[in-house]
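# Coordinate analysis (summary)
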Amino acid sequence: MKRQLALFSALIVCHVTLGQDKPVPPAEAPGKMTLPLGFKATLFAGEPDVVQPIAFAFDDRGRMWVVECLSYPKWSLDGTGHDRVVMFEDTDGDGKHDKRTVIFDQGANLSGIELGHGGIWLCSSPNLVFIPCDFNADKPVLGKPEIALDGWNVKDTKHNIFNSLIWGPDGWLYGCNGIQAKANVGKPGAPNKDRVEMNCGVWRYHPTRKVFEAFAHGTTNPFGLDYDEYGEMFITNCVIKHLFHVVPGGHYDRMYGEDINKYSYQLMHSIADYIHWAGGDWTTSRGNKPEHSDAGGGHAHSGAMIYQGDNFPDEYRNTLFTCNIHGNRLNRDLLKRSGSGYKSERAKDFLFANDPWFRGIAVHAGPDGGVYVSDWCDTGECHNYDKVDLTNGRIHKVVYGTPKVWTGDLSKLSIEELVRLQSHKNDWFTRHARRLLHERAEAGERDRVLRALSAVWHDADGLTKLRVVWAMHAAGDQRAASRGLLAPSDSEAGLARRSWAIRLMMANATGNANPDLNPNSVGATCQTLADRLAFASGVQQIPIDTRFQWALGLLKVIRAEDAQDPNLPLMTWYAIEPFVGRGKDATRLLLKATQLPIVREFIARKATATDLAYIDLMLAQAVGTSGPAVAHDLLQGIIDGLGGAREVKAPSEWETAGPELLASRDPRVRERAMVLAVTFGDEKAITEMKQSLGDLTADAEVRSTALRTLLRRGKPDLLPILRQLLDDKALRAEAIRGLAAFDDKETSALLLKAYPTLNDVEKEDAVQTLAARPAWALELLDAIEKGTVPRRDVSAFIARQMQGLKDKRVAERLDKVWGKIQPASAQRATLTTKYKGLLTDAALAKADLPRGRQMFVKNCASCHKLYDDGGDVGPALTGAQRSNLDYILENVLDPSAVVPNDYKVSIIQLQNGRLINGIVKAETEKSITVRTSNETIVVPKPDIESRTVSKLSMMPDGIFEKMTDDEVRDLVAYLRGREQVPLPK
């Protein structure tokens with residue numbers, strides 16, 4: 001703890017001393033760094049020798065090739081530019097370059113580099129550029145640049161360009177792409193049908209077969225990519241959680257927007273269960289504030305290196321390093337197998353630059369096992385579009401003790417010598433040698449390469465066997481995966497060998513390499529979770545016209561217990577999804593084969609959305625001996641597939657299935673059957689539901705379900721019942737919310753008459769309902785003027801909703817009765833001073849914490865979760881900067897100051913005159929799901945007249961103004977607490 005405090009002090013002193021005027025001088029920067037005991041840093045290169053170092057790679061002689069990106073932030077749109085590729089050499093091994101050579105100085109929008117297969121590969125948006133190169137000369141000789149691929153997007157983004165080139169273990173070139181850079185990639189001149197669409201995610205390109213593939217989709221702005229010693233890919237990312245295990249064919253959580261496949265339905269998660277900032281909106285993590293520093297520094301990450309060198313102590317091997325841009329440091333994560341994949345655990349941060357200008361971008365290990373980190377060196381970050389200092393840049397080297405200097409040229413080694421390097425402890429040699437073996441095979445020496453690899457197979461250890469198989473596969477041996485890799489094993493290397501064997505076998509499943517390969521033969525080998533994940537991943541590689549039997553084979557292999565795995569259920573769905581709705585026979589076979597609840601549900605959902613005729617099939621499967629769990633999944637899928645439709649013609653199967661499902665002993669099945677009964681216009685079921693509503697002796701939850709279900713119809717014949725329910729305490733709140741759906745003249749008078757008898761929650765519901773239509777809003781304002789409804793019961797959020805009705809009479813009355821709607825920012829300074837004076841440490845020490853929790857439940861819990869209390873409309877508060885009074889006041893007094901996209905309010909005007917203000921939580925082609933301040937509503941799209949997005953927050957202004965000073969004190973003290981407290985007795 002003392003060391004951390006000292007470090008934070010150093011950061012603050014450094015910031016105060018240097019401000020934002022200039023960085024630490026290059027020669028002094030390594031000495032300012034804080035590193036674990038035994039490590040030291042040197043300046044490998046610094047300005048003016050290197051500026052704007054966005055990416056780098058090593059050649060086979062250990063020389064570093066650096067991309068200097070001078071284009072940012074004004075990207076070149078005509079293909080011309082002055083970005084450079086500069087080569088650095090450290091000839092005496094002292095950790096500092098002593099030779100610099102400019103290789104290329106006409107680049108445009110350069111953001112990534114890799115070397116191999118006869119040249120230089122460059123990310124040069126919108127193109128992947130290949131420059132032929134003779135690497136043998138001291139100054140390499142370049143040929144004419146070629147565009148290998150085009151179609152990446154540079155017009156619609158500032159900082160999501162494609163990046164992070166790396167040769168994968170299988171011989172493909174891999175890279176990343178960001179969420180705003182929507183791409184349509186293909187060979188120059190290729191028509192759209194021959195291109196691959198993608199936005200955020202990971203892609204790959206084969207250097208000799210000239211094939212481009214989207215490898216995985218999702219995340220936000222991945223800007224770091226590496227693989228561990230078992231060949232598993234990982235990316236680092238910004239804004240949302242920072243670390244993802246990239247399974248081929250996966251679809252991952254995104255910052256916003258729809259997945260590339262509208263039928264993915266659910267996305268896979270980060271392997272991290274923590275974030276590197278203290279919570280709250282990501283923009284607050286700028287500036288290396290102490291609370292964020294303690295958590296890891298900030299939301300923005302760049303670069304990824306999984307250390308596999310031979311210089312650092314063994315405890316660092318196979319751990320991931322990434323640059324934390326706001327934190328001016330390197331974070332470190334431990335990678336541990338979990339289920340079919342991995343989880344990460346936060347390790348101690350590795351490097352603190354102690355320089356507010358430090359902006360780490362790329363991190364890689366070199367031939368001596370030392371680690372190199374590029375520093376963009378500026379005051380801004382990825383959202384700084386206007387001011388960039390083009391004169392700065394550094395590359396630092398970090399080593400443990402004194403590493404052994406390596407000099408040589410791997411490209412001069414014989415095939416046999418390159419094969420022996422597959423067992424080297426430093427994976428730098430292994431990777432370069434594997435690529436060189438691939439190149440030799442492509443140059444006409446395939447047979448010799450494969451013989452040499454085969455010769456070392458039997459005596460190799462487990463990890464070397466895996467490396468040899470990668471090399472054989474890359475070199476063209478399509479049967480390499482059958483070389484004993486499927487032997488049972490519980491070791492990490494053994495699990496990896498089995499996974500890769502299945503993956504590589506399936507990559508060749510449609511070729512002539514192994515005509516006996518089929519779903520049954522592969523499925524029989526899948527004994528572990530990792531095996532089955534490889535199978536699910538591999539199915540997506542099979543061409544669609546021959547994939548169905550593989551999809552069916554996968555479902556037969558996946559077990560019921562696999563439903564608990566974080567990857568397998570969704571990867572299984574992604575593999576079989578294309579065949580759902582392609583015919584009743586195929587859909588029925590898939591449905592009968594699966595044991596996974598979520599796959600059953602998604603089959604029913606997509607089939608229903610594709611063609612309502614499939615509902616009969618689903619209902620037939622839901623009854624009989626299938627059991628309530630199966631029935632529940634299928635009914636939920638049908639409901640979601642209908643997309644909020646109010647009326648659908650009853651399918652023929654409903655006549656027999658409906659009564660059985662409505663009579664189910666399982667309440668979840670009954671509830672979903674009731675929804676379908678109403679949707680299908682089942683008058684008998686509707687009558688029974690109405691009767692249950694009027695039965696005060698019936699179970700309250702049954703009555704509540706009936707009411708929610710009947711409200712989906714949107715029929716005015718429910719109005720008399722809703723009016724009666726205003727006298728029913730058990731269902732009054734739901735009845736008040738339900739009345740908002742009907743344009744009825746009596747509603748406002750009834751609600752205002754009942755208003756004095758309502759509890760606080762019911763009053764909020766009543767005000768929300770009355771603000772939904774102009775005529776009702778006018779009566780609400782009259783009631784405020786008369787004192788029937790206190791002015792403070794109408795929040796600024798509701799007042800803005802009434803303003804959004806766009807009715808001149810309402811606007812005029814609102815100004816007169818409620819008052820002018822002032823932006824919270826105009827009063828923020830005054831209110832901040834007031835509440836800082838009230839909420840002193842001495843005052844907060846006297847707070848009643850249980851009553852503070854009670855105030856949270858009343859005012860905040862409908863939207864925010866703290867510990868085990870609350871909803872999910874707004875951000876969760878458990879991990880936020882709650883101990884910081886300034887943070888609480890900023891967000892409560894001016895909630896609309898910063899509103900993330902996910903929490904912006906949509907203003908939805910319905911055809912029937914109702915206005916809805918809320919956050920869109922989900923959207924399909926048929927409906928949107930809106931979370932208002934008091935309910936969740938599924939709105940069919942045909943019901944919508946207009947839809948706009950506001951810059952305002954759902955969180956109302958003036959929360960504190962509705963409380964006494966003691967209540968404010970108690971709430972703030974509870975928010976700042978470190979543990980849950982009981983509610984008052």
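Structural notes, computed from the coordinates. Owing to the predicted nature of the structure, the values given are computational and were not obtained by experimental measurement. Along each chain, numbering runs from 1 in the same order as the chain's sequence is written. Where totals are concerned, whole chains, interfaces and linings use all residues; where local detail is concerned, this predicted model gives features only for residues with pLDDT of at least 70, and gives and counts side-chain atom pairs only at 80 or more. Hydrogens and water are ignored here; the side-chain numbers use all heavy atoms of the structure.

## With respect to the overall build of the chain
Selection rule: Secondary structure elements are defined from DSSP: runs of H or I of at least 4 residues count as helices, runs of E of at least 2 residues count as strands, and each element is numbered from the N terminus. Only C-alpha atoms enter the radius of gyration, while the globule expectation follows 2.2 Å times N to the 0.38, with N the number of residues. To sort residues, take the accessible area from a 1.4 Å probe on protein chains only and compare it with the maximum for the residue type: under 20% means buried, over 50% means exposed, and anything in between is partly exposed. Any two residues whose heavy atoms approach within 4.5 Å are treated as being in contact. Residue-level accessible areas treat just the shown protein chains as cover; the underlying method is Shrake-Rupley with a 1.4 Å probe. This count recognises Lys and Arg as positive and Asp and Glu as negative, with His and chain-terminal groups excluded. A single reference atom marks each charge: NZ on Lys, CZ on Arg, CG on Asp, CD on Glu.
A count of helices and strands for the chain gives 31 helices and 35 strands. Over its C-alpha trace the chain gives a radius of gyration of 31 Å, about what one expects of a compact globule, namely 30 Å for 985 residues. Referenced to the eigenvectors of the C-alpha coordinate spread, the extents of the chain come out at roughly 90 × 70 × 55 Å. Counting every position in the chain, which comprises 985 residues, the buried fraction comes to 59%. Considering only residue pairs separated by 6 or more positions, the chain has 63% of its internal contacts joining residues 24 or more positions apart. Carbon together with sulfur atoms contributes 51% to the accessible area of the chain, which is approximately 40,100 Å² in total. With 122 positive and 126 negative side-chain charges, the chain shows a separation of 1 Å between the mean positions of the two kinds.

## Remarks on unusual backbone geometry
A cis amide bond, omega 5°, links Glu47 with the succeeding residue Pro48. Along the chain, the position of Pro48 falls in the loop between β1 (39-46) and β2 (53-58). Of note, the bond from Ser125 into Pro126 is cis; its omega dihedral lies within 30 degrees of zero at 10°. Counting through the fold element by element, Pro126 comes out in the loop between β7 (119-124) and β8 (127-134). In this model, Asn109 sits at a positive phi of 55°, which is unusual for a non-glycine residue. Its location among the elements puts Asn109 in the loop between β5 (99-107) and β6 (110-116). One non-glycine residue, Cys377, lies in the positive phi region at around 60°. Secondary-structure assignment places Cys377 in the loop between β27 (371-375) and β28 (394-400). We classify Cys377 as buried; its relative accessible area is 0%.

## With respect to the sheet that holds strand β18 (residues 233-236)
Worth spelling out the cut-off: At least two DSSP bridges between two strands are needed for those strands to be called paired. Where helices are involved, their axes are fitted lines through C-alpha atoms of the stretch in contact, as for all axes, and angles between N-to-C directions lie from 0 to 180°.
Taken in spatial order, the three strands line up as β17-β18-β19 in an open sheet, and their pairing is antiparallel. The open sheet has two edge strands with one neighbour each: β17 (225-227) and β19 (243-246). Neighbouring strand axes in the sheet, compared pairwise and without regard to direction, differ in orientation by 25° on average. In the sheet, β18 pairs with β19 via four bridges, with the strands oriented antiparallel. Bridging from a neighbouring strand, Phe234 pairs with His245 of β19.

## Regarding the sheet that holds strand β20 (residues 251-254)
Read across the open sheet, the five strands follow the order β11-β12-β15-β16-β20; overall the sheet is mixed. Edge positions in the sheet fall to β11 (163-167) and β20, since each of these pairs with one other strand and no more. Going from strand to strand, the sheet's axes swing by 25° on average, the running direction of each strand aside. Of the strand pairs in this sheet, strand β15 (residues 201-205) and strand β16 (residues 212-219) are connected by five bridges, and their pairing is antiparallel. When the bridges of β16 are listed, Gly201 appears paired with His217.

## Re the pattern of salt bridges
In plain terms, the rule: The salt bridge definition used is simple: a Lys or Arg side-chain nitrogen within 4 Å of an Asp or Glu carboxyl oxygen.
For the structure shown, the criterion picks out 52 salt bridges. In this structure, the salt-bridge partner of Asp349 is Arg329, at a minimum N-O distance of 2.9 Å. A residue pair is termed long-range when its members are at least 10 positions apart, and Asp349 in the loop between β24 (341-346) and β25 (351-352) and Arg329 in strand β23 (residues 329-338) qualify at 20 residues. Each member of the pair, Asp349 as well as Arg329, is classed as buried. Glu345 is paired through a salt bridge with Lys336; the nearest N and O atoms lie 3.1 Å apart. You can call Lys336 partly exposed: its relative accessible area is 36%.

## Concerning the environment of Asn759
Just so we agree on the cut-off: In protein, a polar contact requires one atom able to donate a hydrogen and another able to accept it; more generally it is a pair of N or O atoms within 3.5 Å, and residues adjacent in sequence count only if both atoms are side-chain atoms.
Along the chain, Asn759 falls in the loop between α22 (746-754) and α23 (760-770). A relative accessible area of 40% places Asn759 in the partly exposed class. Sequence separation of Asn759 and Ala733 is 26 residues, and the distance between their C-alpha atoms is 9.4 Å. Only 3.2 Å separates the side chain of Asn759 from the backbone nitrogen of Val761, close enough to count as a polar contact.

## So, the packing of aromatic side chains
Filter applied, for reference: Each pair of aromatic rings taken from Phe, Tyr and Trp, with Trp reduced to its six-membered ring, is defined by centres within 6.5 Å and is described as stacked if the planes are under 30 degrees apart, edge-to-face if over 60, and tilted in the remaining cases. Counted as over-ring charges are cases with an Arg CZ or a Lys NZ within 6 Å of the ring centre that also lie within 35 degrees of the ring normal.
A complete count under the given rule lists 42 aromatic pairs for this structure. Measuring from ring centre to ring centre gives 4.6 Å for Trp121 and Phe130, while their planes differ by 50°; the resulting arrangement is tilted. By relative accessible area, Trp121 is classed as buried at 2%. Between the aromatic rings of Phe162 and Trp203, the centroid separation amounts to 6.0 Å while the plane-to-plane angle is 45°, which identifies the pairing as tilted. Pair noted here: Phe162 is in the loop between β10 (146-150) and β11 and Trp203 is in strand β15, with a separation of 41 residues, a long-range link. By the burial criterion, Phe162 is buried, and Trp203 matches it. Aromatic ring contacts, followed pair by pair, group Phe44, Phe56, Phe58, Phe88, Tyr372, Trp406, Trp428 and Phe429 into a single cluster. Between the NZ or CZ atom of Arg204 and the centre of the ring of Trp172, over which it lies, the distance is 3.9 Å.

## What to know about the pairing of β15
Along β15, five of the five residues are buried, which leaves the element largely enclosed by surrounding structure. Neither face of β15 is exposed, since Gly201, Trp203 and Tyr205 on one face and Val202 and Arg204 on the opposite face are all buried. Across five bridges, strand β12 (residues 173-177) lies against β15 in antiparallel orientation. Residue pairing in the sheet places Leu173 in a bridge with Tyr205 of β15.

## With respect to helix α10 (residues 548-557)
Of all ten residues that make up α10, eight are buried, and the element is covered over most of its length. For α10, the full list of buried residues reads Phe548, Trp550, Ala551, Leu552, Gly553, Leu554, Leu555 and Val557. At its buried positions, α10 is contacted by α7 (492-507), α8 (519-523), α9 (529-539), α11 (568-576), α12 (584-593) and α13 (597-610).

## Considering empty space enclosed by the protein
So the rule is basically this: A cavity here means a set of points on a 1 Å grid, drawn over the protein atoms and nothing else, where a 1.4 Å probe fits but cannot get out; a pocket is an open set with protein on both sides within 12 Å along at least five of seven lines, and a residue lines either one if it has an atom within 4 Å of a point. Grid points are joined across faces, edges and corners, and a volume is the space filled by probe spheres set on the points. Under the scheme applied, nonpolar residues are Ala, Val, Leu, Ile, Met, Phe, Trp, Tyr, Cys and Pro; charged residues are Asp, Glu, Lys and Arg; polar residues are all the others, including Gly.
This structure, assessed with the given rule, holds six cavities of 30 Å³ or more. The computed volume of the second largest cavity comes to approximately 100 Å³. In terms of lining, the second largest cavity is formed by 13 residues, of which the most central are Glu232, Ser340, Ser499, Arg503 and Leu533. Mapped onto the lining of the second largest cavity, the elements with two or more residues apiece are α7 and α9. The biggest single contributor to the lining of the second largest cavity is α9, with four residues. Here the lining of the second largest cavity is built from residues that sort into six nonpolar, four polar and three charged.

## What about the side chain of Gln801?
Within the secondary structure, Gln801 is located in helix α25 (residues 796-803). Apart from the residues within four sequence positions on either side, Gln801 is in contact with Gln768, Ala771, Ala772, Leu915 and Asn917.

## So, the packing of α12 against helix α14 (residues 615-622)
Put simply, the test is: Oblique is the label for any angle not under 35 degrees, not over 145, and not in the 65 to 115 range, which are roughly parallel, roughly antiparallel and roughly perpendicular in turn. By the definition used in this description, the sense in which the near helix is turned from the far one sets the handedness, with an anticlockwise turn below a right angle giving left-handed and a clockwise turn giving right-handed.
Interaxial distance between α12 and α14 falls to 11 Å at its minimum, and their mutual angle equals 30°. Compared by their axis directions, α12 and α14 come out roughly parallel. As α12 packs across α14, the resulting crossing turns out to be right-handed. Two secondary-structure elements touch here, α12 through Lys584, Thr587, Arg588, Leu591 and Lys592 and α14 through Leu617, Met618 and Gln621.

## Let's talk about the environment of Leu805
One can find Leu805 in the loop between α25 and α26 (808-818). Classification of Leu805 as buried rests on a relative accessible area of 9%. A C-alpha to C-alpha distance of 61 Å links Leu805 and Trp65, two positions 740 residues apart in sequence.

## Some details on the nonpolar core
Our working definition: In these notes, a set of buried Ala, Val, Leu, Ile, Met, Phe, Trp, Tyr and Cys residues joined through side-chain atoms within 4.5 Å is what counts as a nonpolar core.
Formed by 138 residues in total, the largest nonpolar core has its most connected members in Phe535, Ile603, Met618, Ile638, Leu661, Leu693 and Met802. In contact with Ile638, not counting residues within four places along its chain, are Ala604, Thr608, Ile615, Met618, Leu619 and Leu676. By size, the runner-up hydrophobic cluster in this structure holds 49 residues, among which are Phe44, Ile306, Trp428 and Leu504.

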